[in-house]
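Chain by chain, the residues run as shown.
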Amino acid sequence: MVATQVTPTNEVQILLRANQSASWRINLCVLAGISVAGLFIAFGFMMLGAPWVLLFVGLEIVALAVCFFLASRASTRQQLIRIGKSQLVVEKGHLYAEEALDLPRQWTRVCVEQASHPLGSDRLYLRAMDKMTPVGEFLNQPEIALLRDRLRQQGLPIDIQSRV
């Protein structure tokens, strides 16, 4: 998702969020359903004389819970690009800004690495002097094109490079 907002101080904010197909609550409901079904089957095998099945189902539930958590956390990634009169700030994180990078606006350029394959997606970087940071690496190709257009509308020069 790419959303643009202009603040009362005329600062342009571009919010980038990863696509989130399911919320954490929905993931917990799916995990609970899988867990109940697995435990029901494991108790059936335990009653038939195979108690080790319960242990392996428990390990499976723990592994699934870890995978669900990691996938849900990865889908909450977001970036905020704040474009002011003299500087550009890129904030990255999950639920809050965990990392921030200040770039001077007059020296900042948008570097676009075009995809080497038709099914690939471009990569965007913001570069100023010796600082360079990727932006929107979790966006799909139409969203990357939209972000590139929004940055161009703010007067940032675009450098297009082909990936080898």
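Look up a bit, the structure's there.
The following refers to the structure shown.

What counts and what doesn't
Positions within a chain are numbered from 1, following the residues in the order the chain's sequence is written. The model is predicted, so local features are restricted to residues of pLDDT at least 70 and side-chain atom pairs to those at 80 or more, both for listing and for counting; the totals for chains, interfaces and linings are taken over all residues. Only hydrogens and water are set aside; all other atoms, that is, all heavy atoms of the structure, feed into the side-chain values. Only DSSP runs of H or I covering at least 4 residues are called helices, and only runs of E covering at least 2 are called strands; the numbering of each starts at the N terminus. With a 1.4 Å probe rolled over the protein chains alone, any residue whose accessible area is under 20% of its type maximum counts as buried; one over 50% counts as exposed, and the rest are partly exposed. Here, the term nonpolar core denotes a set of buried Ala, Val, Leu, Ile, Met, Phe, Trp, Tyr and Cys residues that are joined through side-chain atoms within 4.5 Å. Whether two residues touch is decided by their heavy atoms; if any such pair falls within 4.5 Å, the residues are in contact. Any two rings among Phe, Tyr and Trp, with Trp reduced to its six-membered ring, count as a pair given centres within 6.5 Å; such a pair is stacked if its planes are under 30 degrees apart, edge-to-face if over 60, and tilted if neither.

With that settled, the discussion passes to unusual backbone geometry. In terms of backbone geometry, most residues other than glycine have negative phi values and most peptide bonds are trans. The phi angle at Asn10 is positive, at roughly 60 degrees, despite the residue not being glycine. Inspection of the secondary structure assignment puts Asn10 in the loop between strand 1 (2-6) and strand 2 (12-17). Backbone geometry places Met129, a non-glycine residue, at a positive phi of 55 degrees. Taking relative accessible area as the criterion, Met129 reaches 60% and is therefore assigned exposed.

On to the nonpolar core, then. Nonpolar side chains in soluble globular proteins tend to be buried together. One finds Ile14, Ile81, Leu126 and Leu147 to be the most contacted residues of the largest nonpolar core, which totals 22 residues. Within the residue set of this core, elements represented by two or more residues are strand 2, strand 3 (78-83), strand 4 (87-93), strand 6 (109-114), strand 7 (123-128) and helix 3 (141-153). Discounting chain neighbours no more than four positions away, the residues touching Ile14 are Val2, Ala3, Thr4, Gln79, Leu80, Ile81, Ile83, Leu147, Arg150 and Leu151.

Note on aromatic pairs: each is described by the distance of the centres and the angle between the planes. Within the structure shown, the criterion is met by one aromatic pair. Measuring from centroid to centroid gives 6.0 Å for Trp24 and Phe69, while their planes differ by 85 degrees, and the two rings are edge-to-face. Separated by 45 residues along the polypeptide, Trp24 in helix 1 (residues 24-47) and Phe69 in helix 2 (residues 52-74) bring together distant segments of the chain. When its relative accessible area of 35% is taken as the criterion, Trp24 is described as partly exposed.

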